[in-house]
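Examining the three-dimensional arrangement
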Amino acid sequence: MKYYIIKRVMATFPLLLGISFLCFIFINLIPSDPAEVALRLSQVPIVTDELLAQVRADMGLDKPFLMRYLHWLGDTVRLDFGHSYTNPSRTVLGELARSLPNTLILASLSLVLVIALSIPIGFLSAVYKDSLFDRIMRGFVFMTTAMPSYWIGLIFMWFFAIKLRLFPISGNTSLSHFLLPAFTVALSYISIYIRLIRNNMLLNMGQDYVLYAQVRGLKDGMILTRHVLKNSLQSCITAIGMSIPQLISGTIVVENLFAINGLGRLCIASIFNRDYPVIQAYVLFMGVLFILFNLVFDIIQMAADPRLRKES
Amino acid sequence: MIKQFFQSRLSIACLVIILLFTLAGIFAPYIAPNDPYETDLMNKFSSYTREHPLGTDQLGRCVLSRLIHGIRPTLFLSLLAMAGTITLGLVMGILAGYFRGWVDEVIMRVVDVMLSFPSQIMILAVVALLGIDIRNVILANIFVKWAWYARMIRTTVIQYTGKNFVLFSKSIGSGSPYILTRHLLPCIASELVVLATLDTGWTILNISTLSFLGLGVQAPTPEWGAMLNEAKNVVTSNPGQMVAPGVAIVILIAAFNMLGDCMRDAMDPREVRN
């Protein structure tokens, strides 16, 4: 187990390096010249060729590609992403830090909804397979995979916020502002996990240990909750854990729809404003988040399931 | 397999829906009752009339006509993106799987990096880099998605190159191009079609989402995601605007998903259906 963790952590470093390299290439491919941008930011009235050359030398832009990458990597590790192009008085880190809390509230609220709804529904649909409830839920799962989240969000907005006036329409000032968006984000994940838990339960219900437990005279409810559900949840927990970064990145559409000032809205606004440092930092942040969550939940799964440990 | 596929009424229904959408898209100028760009500010947000069967939008344009013309960007651009993805994935996958060696190593390492990155973020990064345009959205889709196909195709190719009929063909002197096109391609085809059908739904969703965010198809062009974006602005006063494009998207994507599921069932009858 210890050996596995060390191996897994070591394997993460090249991936992180690869992603940082991709992000560095990204900022190098953009059509604008960083030296020119820097001059514009310091409000130099006339940009001459000599001035440009001097700034390039100052910024180290005349150095070889690899040297620049290492320099950039050093800055990035210290969380220094430079300044925003469109709003030079603000640092990129500050912009990200300002938007992150709203996105985190939204994502964690959706995560709670996903766990609270998908596990009981998946459990019940498996136990009462082919009942009316199960068929309705299967229809629901099928429909949500075909519905775009922005349309679901629009319908929710119209029905709950405008028609029933239960929730505020948009903004991010109170917790009730987050409920509709969180449910919109959660909906597609809920249907994925309902299906996963249901299929896992059905697979497990056919196993020998269930028969053995029945022979031992255990009550059905006991077998289902203590044995079958426990075994079925194992792979689901990992899947849900790995989808946390997906939840965080999946808030883009909903944030734009419900006007929540989070990371996704910042990202889209930056794309429209060609604010490349912000986009780069966002992409890097998401990539690192994905890799780290994969790492952590791989190890958790390994720790939770002795069968996997034996195989490695 | 094909016979079994056509026995299922559901799959035929899906196929018919998709065909109808396609035909409506191709013959859009002849079917649409009005010009999708013609504005009529005196007659905006009108309800269902004979002249405008689905009413008019905030500029008085005929919703039905825009819906029909919208099939072109929505469906056809998604199909174009899929075609690009499959072609690139097919070439890369076959190169890696058939020739092995260093070609395989290089391609598969690239695939590994591509797959470790979240696809939605990657699409946004590519669009940000290339600029906001529907052409770039399609390029981004191809760029992000090909790696999945390359890996799947490589596995299948490796699986079949060891089979006796391929070895026999090689031993009687067939060249690589002949073996690839006549022996290996047909083996991959059925699996590829299923995957591609399921993914078309995903691509339609994706492209329309980007259009909804304003990154894809731009304003006056009728596209369902862009239409919903316009409907969003009037959701408080005229919520009816979001019904038609939304329902159209759901029907089309559901048809593709259902068709893909049916084809998978037809291909693999052993699979227990639960």
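Along each chain, numbering runs from 1 in the same order as the chain's sequence is written. Working convention: letters from A go to chains and numbers from 1 go to ligands, in the order in which they are written. It should be noted that, the model being predicted, local features are given only for residues of pLDDT at least 70 and side-chain atom pairs only at 80 or more, the latter also being counted only at that level, while totals for whole chains, interfaces and linings use all residues. Only hydrogens and water are set aside when side-chain values are computed; all heavy atoms of the structure are taken into account.

What follows is about the overall build of chain A. When its secondary structure is counted, chain A shows 15 helices and 0 strands. Taken against the 2.2 N^0.38 rule, which gives 20 Å for 312 residues, the C-alpha radius of gyration of chain A at 25 Å runs more than 25% over that of a compact globule. Taken over the C-alpha atoms alone, chain A extends approximately 90 × 60 × 30 Å along its principal axes. Looking at chain A residue by residue over its 312 residues, the buried ones come to 43%. Note on contacts: a residue pair qualifies if any of its non-hydrogen atoms lie within 4.5 Å across the two residues. Across chain A, contacts joining residues at least 24 apart in sequence account for 73% of those joining residues at least 6 apart. Counting only carbon and sulfur atoms, one obtains 65% of the accessible surface of chain A, whose full area is about 16,100 Å². Under the counting rule used here, the positive set is Lys and Arg, the negative set is Asp and Glu, and His together with the chain ends is not counted. Taken as the charge location is NZ of Lys, CZ of Arg, CG of Asp or CD of Glu. Put simply, chain A has 26 plus and 18 minus side-chain charges, and the middle of one group is 14 Å from the middle of the other. We count a stretch as a helix when DSSP gives it H or I for four or more residues in a row; a strand needs E for two or more, and each element gets its number in order from the N terminus. In this setup the radius of gyration rests on C-alpha atoms only. A globule is expected at 2.2 Å times the number of residues raised to 0.38. Each residue is assigned to one of three classes by its accessible area relative to the maximum for its type, calculated with a 1.4 Å probe on protein chains only: buried under 20%, partly exposed between the two thresholds, exposed over 50%. The accessible surface values rely on the Shrake-Rupley method and a 1.4 Å probe; as for residues, cover is taken only from the protein chains in view.

Take the nonpolar core next. As used here, the term nonpolar core means buried Ala, Val, Leu, Ile, Met, Phe, Trp, Tyr and Cys residues forming a set that is joined through side-chain atoms within 4.5 Å. Ranked by internal contacts, the top residues of the largest apolar core, which has 123 residues, are Val-111, Leu-124, Leu-215, Trp-224 and Leu-228 of chain B. Either an automatic procedure or a domain database provided the assignment from which the domain bounds are taken. There are two domains that each give this core at least three residues, and those are domain 1 (2-36 + 51-72 + 220-267) and domain 2 (82-197 + 204-212) of chain B. Discounting chain neighbours no more than four positions away, the residues touching Leu-124 of chain B are Ile-252, Cys-267, Ile-268 and Ile-271 of chain A together with Leu-210 and Leu-215 of chain B. Counting residues in each nonpolar core, the second largest holds 16 residues, with Met-82, Ile-94, Met-152 and Leu-192 of chain B among its members.

Take the interface of chain A and chain B next. The interface is formed by 43 residues belonging to chain A together with 35 residues belonging to chain B. Surface buried jointly by chain A and chain B totals about 3,500 Å² across both partners, of which 81% is contributed by carbon and sulfur atoms. Considering only the side of chain A, the residues that lose the most area to chain B are Phe-142, Tyr-150 and Trp-151 of chain A, jointly responsible for 19% of the buried surface there. Each reported salt bridge corresponds to a side-chain nitrogen of Lys or Arg within 4 Å of a carboxyl oxygen of Asp or Glu. Summed over the shared surface of chain A and chain B, the number is 0 salt bridges. Polar contact is the term for a pair of N or O atoms within 3.5 Å; when the atoms are in protein, one must be able to donate a hydrogen and the other to accept it, and sequence-neighboring residues count only if both atoms are side-chain atoms. At the boundary of chain A with chain B, the tally comes to 2 residue pairs in polar contact (both at pLDDT 80 or more). Buried area is understood as the total, over both parts, of accessible area removed when two parts are fitted together, assessed with a 1.4 Å probe.

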